[in-house]
Amino acid sequence: MLDVQNIREDFPILKRQVNGKPLVYFDNAATSQTPQTVIDAIVDYYSNYNANIHRGVHTLSQEATDAYEIARKKVQEHFSAKHSHEIILTSGTTHSINIVATGFTNLLSKGDEIIVSALEHHSNIVPWQMLCERTGAILKVIPMNEEGELLMDVYDQLLSNKTKLVFTNHISNALGTINPIEEIIKKAHNAGAAVLIDGAQACPHVKPDVQALDVDFYVASAHKLCGPTGVGLLYGKEEWLNKLPPYQGGGEMIDEVTFEKTTYAGLPHKFEAGTPNICGGIAFGVALDYMNSIGFDAIAAYENELLEYGTQKLLEIEGLKIYGTSKNKTSVISFNIDHIHPYDIGSIIDKLGIAVRTGHHCAQPIMDFYKIPGTIRASFSFYNTKEEIDSLVEAVKKAKMMLA
Ligand SMILES: Cc1ncc(COP(=O)(O)O)c(C=O)c1O
């Protein structure tokens, strides 16, 4: 059991008011809030040991380097990677996917096939389309059903010896569906294809074990799991990361530079050109400590309770339809009411202090599937409460009355 009232004390932002009402923050799938311990780590870095890393002999630089590398180790342990050099610290999920998609340019040939799921965020679609344009590879899509689940029998048919890569999210940001990634990975490997899993939405709810999953690449962003923006990870199996060329050239990623020839540094530095988000990386490690101190089993159980409660309460509103009704889903509720535009409801309930997301959630193909312009998305975190859900339900009822 979580002591939610106590946990809420860790988040200063939860005490603020919005438009004269207590903030109810239900936009956790877009970004999570930041606990004091992470804020303290950021202040501590800039107050006490702000310096560039990996290059200075002075004390501050060494302290910053040590803290950054400790953070990498924490990320490695959290995701159960075999080696810390398999963890590339990036600016986030989007950056991580682009490193892999660009890296595959010379590994694909015209006519090769790559498979994506219908449930993807644009950041796990567009870089692959760009890769197809560069290489002549063909993009195939695993379709979805009305519940927002992938059609796995079609996936079986799409796989062949032409398939070189499969990429899907672990959990859908727009609908909350938990995808059967174990099965997806196993089947892709049987066909000889590599797999990238976009864990941006999964990491706030579950603790992935990349070795147990046997996944080739796993990517996520710190800001979805109580860390700062502008930092995230690319996990890659050592052999894959060695096969991929560097993504950017610059300082830090080199071994030796002359005007005739440059040789590259080993992992992980080969993919970390330039000065990284040092403070962000350190704070990412602290965020993981914080989440682990609460415990992912307890987080998942409590968020599931919120999901069940919220689903039942929202469905009591006449004309409300939920999109994404898989039994296997996390605490995301995407909905619309009759023909009211989601933006109108979102704007009215913001006046009542409630933060939800409206729109296509960077997943336009899902909206096209349902033939809607977008949804209202309420996404719950472990620091939310049932009382806050009651406020959401009342606010949505009020908005519906005003717009009817
Ligand atoms: C499933 C999924 N993938 C990728 C992203 C992109 O993450 P970022 O903007 O942190 O790079 C998001 C962000 O919402 C997401 O939900």
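Structural data are supplied above this passage.
A brief look at the structure comes next. The written sequence of each chain sets the order in which its residues are numbered from 1. Where local features are concerned, this predicted model is filtered to residues with pLDDT of at least 70; where side-chain atom pairs are given and counted, the filter is 80 or more; whole-chain, interface and lining totals use all residues. Side-chain metrics rest on all non-hydrogen atoms present in the structure, leaving aside hydrogens and water.

## A word on the packing of aromatic side chains
Pairing of aromatic rings covers Phe, Tyr and the six-membered ring of Trp, with a centre-to-centre limit of 6.5 Å; geometry is then stacked below 30 degrees between planes, edge-to-face above 60, and tilted otherwise. In the structure shown here, the tally under the stated rule is 15 aromatic pairs. Between tyrosine 290 and phenylalanine 382, the aromatic rings sit 6.5 Å apart at their centres with planes inclined by 40°, giving tilted as the arrangement. Taken as a pair, tyrosine 290 in helix H10 (residues 278–294) and phenylalanine 382 in the loop between strand S17 (375–379) and helix H14 (386–403) lie far apart in primary sequence, 92 residues in all. Accessibility classification places tyrosine 290 together with phenylalanine 382 in one group, the buried group. Arranged with centres 5.0 Å apart and planes meeting at 85°, the rings of phenylalanine 369 and tyrosine 370 form a pair that is edge-to-face. Using a relative accessible area of 11% as the deciding quantity, one classes tyrosine 370 as buried. Feature note: the residues Phe11, Tyr290, Phe382 and Tyr383 constitute an aromatic cluster, connected by ring pairs. Stacked on the ring of tryptophan 240, the Lys or Arg lysine 243 has its end atom at 4.1 Å from the ring centre. What counts as a helix is a DSSP run of H or I of at least four residues, what counts as a strand is a run of E of at least two, and both are numbered from the N terminus. Type-normalised accessible area, obtained with a 1.4 Å probe on protein chains alone, sets the label of each residue: buried when under 20%, exposed when over 50%, and partly exposed for intermediate values. Two thresholds decide whether a charge sits over a ring: the Lys NZ or Arg CZ must be within 6 Å of the ring centre and within 35 degrees of the ring normal.

## So, the environment of histidine 189
Among the secondary structure elements, histidine 189 is positioned in helix H7 (residues 181–190). Overall, the relative accessible area of 25% leaves histidine 189 in the partly exposed class. When the C-alpha atoms of histidine 189 and aspartate 214 are compared, they prove to be 9.3 Å apart, with 25 residues separating the residues in sequence. Pairs of N or O atoms within 3.5 Å make up the polar contacts considered here, provided that, within protein, one atom can donate a hydrogen while the other can accept it, and that residues adjacent in sequence are counted only when both atoms are side-chain atoms. Reaching out from histidine 189, the side chain makes a polar contact with the side chain of aspartate 216 at a distance of 2.7 Å.

## Points about the pairing of strand S6 (residues 138–142)
For two strands to count as paired, DSSP must find a minimum of two bridges between them. Across 5 bridges, the pairing between strand S5 (residues 113–117) and S6 is parallel. Counterpart to serine 117 in the pairing with S6 is isoleucine 142. Seen with its strands pointing away from the viewer, a crossover is right-handed if its path from the first strand over the helix to the second goes clockwise. Of the crossover connections in this fold, the one passing from S5 over helix H5 (residues 126–135) to the parallel S6 is right-handed.

## Side note on the pattern of salt bridges
Salt bridge criterion: a side-chain nitrogen from Lys or Arg within 4 Å of a carboxyl oxygen from Asp or Glu. Within this structure, the stated rule accounts for 16 salt bridges. Ionic pairing is found between arginine 8 and glutamate 388, a salt bridge with its closest N-O pair at 3.3 Å. Residue arginine 8 is located in helix H1 (residues 4–8), and its partner glutamate 388 is located in helix H14; the two are separated by 380 residues in the primary sequence. For aspartate 27, the salt bridge identified is with arginine 377, shortest N-O distance 3.6 Å. Note that aspartate 27 is positioned in the loop between strand S3 (24–25) and helix H2 (36–49) and arginine 377 in strand S17, a separation of 350 residues in sequence. Here arginine 377 falls in the buried class, since its relative accessible area comes to 3%.

## Things to note about the site of the ligand
Throughout, the term near means that a residue has one or more heavy atoms lying within 4 Å of the molecule or strand in question. Around the ligand, the surrounding shell consists of Thr93, Thr94, His121, Ser123, Asn173, Asp198, Ala200, Gln201, Ser221, His223 and Lys224. One nitrogen or oxygen atom from the side chain of threonine 94 is found 2.6 Å from an oxygen atom belonging to the ligand. Working definition of accessibility: Shrake-Rupley area with a 1.4 Å probe, residue cover restricted to the visible protein chains. Out of a free accessible area of 390 Å², the ligand has 85% covered by protein chains. Here the nonpolar group is Ala, Val, Leu, Ile, Met, Phe, Trp, Tyr, Cys and Pro; Asp, Glu, Lys and Arg are the charged ones; every other residue, Gly included, is treated as polar. In terms of residue class, the shell around the ligand is built from 1 nonpolar, 8 polar and 2 charged.

## Observations regarding the pairing of S17
The buried count for S17 comes to 5 of 5 residues, which makes it a mostly enclosed element. Side chains Thr375, Arg377 and Ser379 project from S17 onto one buried face, and the interleaved Ile376 and Ala378 project onto a second face that is buried too. Of the strand pairs in this sheet, strand S16 (residues 357–359) and S17 are connected by 3 bridges, and their pairing is antiparallel. Bridged to glycine 359 within S17 is threonine 375.

## What about the sheet that holds strand S8 (residues 194–198)?
Sheet architecture is open: 7 strands sit in the order S4-S10-S9-S8-S7-S5-S6, paired in mixed fashion. The open sheet terminates on both sides in strands that have one partner only, identified here as strand S4 (87–90) and S6. Between one strand axis and the next, the sheet turns through 20° on average, direction left out of account. As defined by bridge partners, S4 adjoins strand S10 (residues 232–236) across 4 bridges and the pair is classed as antiparallel. If you follow isoleucine 88 over to S10, its bridge partner there is leucine 234. Simply put, an axis is a line fit to the C-alpha atoms, just over the touching stretch for a helix, and the angle between two N-to-C directions goes from 0 to 180 degrees.

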